[in-house]
Amino acid sequence: LHSFPTRRSSDLFPSHDSFMSEPYLELTKTDKKFADGTYKCLLKMIDENGSVVAVWTVCTGQGYAQNFRKAGRNVPGSMEPLPQGSYYVHDIDWAGGKDNWNASHGAGLGPVFVPIVCAEEKRRGDFGIHVDFNRNTAPGSAGCIVTTTMADTKDFVAWLRKLDPRELKVDWGL
């Protein structure tokens, strides 16, 4: 049997004040939609000074299920967007090793998956940020944040490496 160190939730999810001078990501919704019915959302990289240094147009969920909810108030298997809340951003997970852009984690996921975890969300999980690798045939996601192009994904990874943000704030205005 393996023994893993016990971690308090406060270790994984520091208080909001601890991020005030740290880079972070922010996800917000626009009033525009993609052709598949998903809302165009803005994923922003914010530096330690509070300045937006990069923005990507992304989506989350399926077009037929664009019901935006707070963490803890959503339905498992709903294919709805990522719940509103604060998420811990984990390290980049490469499907075929670091910088292998030709590998894939599986249908729709692509070569890069960045796991994100919300302390408030107990009903849904396995969320992350990745490219919408099968956008031409099955656009959207099961709730993950998805970039729409490989170019955006590569740019996002470059910024992750540069600033190493550990918090994602999802704000649907709820």
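Look up: the structure comes first, before these words.
Criteria and thresholds
Residues numbered from 1 in each chain as written. Predicted model: local features only at pLDDT ≥ 70, side-chain atom pairs only at ≥ 80, totals over all residues. Heavy atoms only, no water. Helix = DSSP H or I, 4+ residues; strand = E, 2+ residues; numbered from the N terminus. Polar contact = N/O pair within 3.5 Å; in protein donor to acceptor, adjacent residues only side chain to side chain. Contact = heavy atoms within 4.5 Å. 1 Å grid on protein atoms, 1.4 Å probe; cavity = no way out; pocket = protein on both sides within 12 Å on 5 of 7 lines; lining within 4 Å. Points joined across faces, edges and corners; volume = space filled by probe spheres on them. Buried < 20%, exposed > 50% of the residue type's maximum accessible area, 1.4 Å probe, protein only. Salt bridge = Lys/Arg side-chain N within 4 Å of Asp/Glu carboxyl O. Pairing = 2+ DSSP bridges.

### Description of the side chain of Q66
- Considering the arrangement of structural elements, one finds Q66 in the loop between β3 (52-60) and β4 (85-89).
- At 2.9 Å, the side chain of Q66 forms a polar contact with the backbone nitrogen of Y39.
- Of the polar contacts made by the side chain of Q66, one reaches the backbone oxygen of Q62; its length is 2.9 Å.
- Other than its neighbours up to four places away in sequence, Q66 contacts G37, T38, Y39, T60, G61 and P81.

### Things to note about empty space enclosed by the protein
- If you walk through the whole model with that rule in mind, you get one cavity of 30 Å³ or more.
- Its boundaries defined by the atoms lining it, the largest cavity holds a volume of some 30 Å³.
- Lining of the largest cavity is provided by V112, V114, I129, H130, V131, T147, T153 and F156.
- For the lining of the largest cavity, the leading source of residues is strand β7 (residues 128-131), giving three residues.

### Focus: unusual backbone geometry
- Here D126, not a glycine, exhibits a phi torsion of approximately 60°, which is positive.
- Relative to the helices and strands, D126 resides in the loop between β6 (112-118) and β7.
- We note that D164 has phi near 50°; this positive angle belongs to a residue other than glycine.
- Classification of D164 as partly exposed rests on a relative accessible area of 44%.

### Regarding the pattern of salt bridges
- Overall, the coordinates contain seven salt bridges when judged by the stated rule.
- We note a salt bridge from K44 to E26, for which the minimum N-O separation is 3.6 Å. Pair noted here: K44 is in strand β2 (residues 39-46) and E26 is in strand β1 (residues 24-33), with a separation of 18 residues, a long-range link.
- What you see here is one network of salt bridges that share partners, running through D91, D164 and R166.

### What about the pairing of strand β9 (residues 167-171)?
- Across the five residues that make up β9, a large majority, four, are buried.
- Pairing between β1 and β9: four bridges, direction parallel. Residue pairing in the sheet places E26 in a bridge with K169 of β9.
- Pairing analysis gives four bridges linking β4 to β9, with the strands arranged antiparallel. Within β9, the position partnered with G85 by the bridge is V170.

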